[in-house]
Amino acid sequence: LLSLVIPVFNEAARVAPGLRAVRDFLDGFGPSSEIVLVDDGSRDGTIAIARPLLLPSDVLMQEPHRGKGGAVRAGMLRARGDYRIFLDIDLATPVTFVGPCLERLREGADVVIGSRRSAGARIERHQAVVREWLGRGFSGMSRLVTGSPVADFTCGFKGFTRDAALAVFTRQRVTNWSFDAELLFLAGRLGLGVEELPVVWRDDRSTKVRLGRDVLGSLTGLLAIRMNHLKGRYR
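Residues numbered from 1 in each chain as written. Predicted model: local features only at pLDDT ≥ 70, side-chain atom pairs only at ≥ 80, totals over all residues. Heavy atoms only, no water.

## A look at empty space enclosed by the protein
To find leftover empty space, one rolls a probe the size of a water molecule over the atoms.
Consideration 1: Within the structure shown, the criterion is met by one cavity of 30 Å³ or more.
Consideration 2: Considered as a void within the structure, the largest cavity measures approximately 60 Å³ in volume.
Consideration 3: What lines the largest cavity is simply Arg 116, Arg 117, Ile 123, His 126, Gln 127, Glu 132, Arg 136 and Trp 201. (1 Å grid on protein atoms, 1.4 Å probe; cavity = no way out; pocket = protein on both sides within 12 Å on 5 of 7 lines; lining within 4 Å. Points joined across faces, edges and corners; volume = space filled by probe spheres on them.)

What follows is the structure, encoded as structure tokens:
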């Protein structure tokens with residue numbers, strides 16, 4: 001029924017508490033659920049800590065390091081669930097939001113995305129002002145590039161039906177931080193129904209986002225989306 005895909009890269013400090021919280025939540029689903037942990041070339045012992053908490057089949061190794069978008073893509077295509085949700089190991093969006101996300105998918109949505117900017121959302125701890133400003137700027141540019149009207153592109157919590165996941169992730173090409181924009185661009189081009197789910201969110205101050213590097217990479221990714229579309233690479 002349900003696959004939870006979790007990308008990790010050098011998360012030795014957070015992987016154990018994150019996985020325990022996810023496992024506790026999934027106890028209610030029993031054998032109809034799975035975790036797919038995708039390690040994106042960690043070098044800090046993340047997998048050694050994670051393996052005792054998971055079945056061998058739950059761990060997918062990706063070498064070399066390819067970026068979060070590449071890890072999410074690998075996990076979503078490896079997953080077996082009718083409904084596939086990816087989320088971050090820091091659980092900035094609590095795992096309990098899997099329930100409302102799954103409900104919307106079962107009611108007919110093809111894609112459900114967590115949103116920190118929709119009515120009913122709550123941010124318990126904000127990012128630094130510069131990061132928050134840049135995030136809003138990126139979402140604005142993403143709306144222009146992709147034509148998608150959603151308010152929040154970059155929340156790391158998104159759910160797909162099996163058919164929507166196969167349609168989108170087999171076409172995905174961007175692997176850096178702008179991959180979220182590509183997913184929503186593809187969903188729009190494929191005529192998939194996208195719904196925003198207001199979530200509770202809490203910033204993790206140990207984020208691996210680096211402003212200069214990742215802002216530049218994200219802008220390059222947005223350009224790549226347009227070029228890929230113009231060159232017919234999404235067919």
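## Thoughts on the pattern of salt bridges
Consideration 1: For the coordinates displayed, the defined rule picks out 12 salt bridges.
Consideration 2: In this structure, Arg 116 engages Asp 152 in a salt bridge whose closest nitrogen and oxygen atoms are separated by 2.7 Å. Here the residue Arg 116 occupies a position in the loop between strand 5 (111–115) and strand 6 (122–125), and Asp 152 occupies one in the loop between helix 5 (129–146) and strand 7 (158–161), the gap between them amounting to 36 residues. Across the pair, exposure class does not vary: Arg 116 and Asp 152 are buried alike.
Consideration 3: A salt bridge links Glu 124 to Arg 122; the shortest N-O distance between them is 3.0 Å.
Consideration 4: When its relative accessible area of 45% is taken as the criterion, Glu 124 is described as partly exposed.
Consideration 5: The structure contains a network of salt bridges with shared partners spanning Glu 11, Arg 14, Asp 90 and Asp 204. (Salt bridge = Lys/Arg side-chain N within 4 Å of Asp/Glu carboxyl O. Helix = DSSP H or I, 4+ residues; strand = E, 2+ residues; numbered from the N terminus. Buried < 20%, exposed > 50% of the residue type's maximum accessible area, 1.4 Å probe, protein only.)

## With respect to the sheet that holds strand 2 (residues 33–39)
Consideration 1: Spatially, seven strands are ordered 3-2-1-4-7-5-8 in an open sheet, and the strand pairing comes out mixed. Looking at strand neighbours, the two that pair on one side only are strand 3 (59–61) and strand 8 (194–198), the edges of this open sheet. In this sheet, adjacent strand axes meet at a mean angle of 20° when their direction is disregarded.
Consideration 2: As defined by bridge partners, strand 5 adjoins strand 8 across five bridges and the pair is classed as parallel. Note that in strand 8 the partner of Val 112 across the bridge is Glu 195.
Consideration 3: Docked against the sheet, helix 3 (residues 68–78) engages strand 1 (2–8), strand 2, strand 3, strand 4 (83–86) and strand 7, running at close to 155° with respect to strand 1.
Consideration 4: Contacting strand 4, strand 5 and strand 7, helix 6 (residues 162–169) crosses the sheet at an angle of about 105° to strand 7. (Pairing = 2+ DSSP bridges. Axes fitted to C-alpha atoms, helices over the stretch in contact; angles between N-to-C directions. Contact = heavy atoms within 4.5 Å.)

## Description of the layout of surface pockets
Consideration 1: Of the volumes computed, that of the second largest pocket is approximately 190 Å³.
Consideration 2: Looking at the second largest pocket, the residues that line it are Arg 23, Leu 26, Asp 27, Gly 30, Ser 33, Glu 34, Ile 35, Leu 53, Leu 54, Leu 55 and Asp 58.
Consideration 3: Examining the composition of the lining of the second largest pocket, we find that three residues originate from one element, strand 2, more than from any other.
Consideration 4: In terms of residue class, the lining of the second largest pocket is built from five nonpolar, two polar and four charged. (Nonpolar A, V, L, I, M, F, W, Y, C, P; charged D, E, K, R; others polar.)

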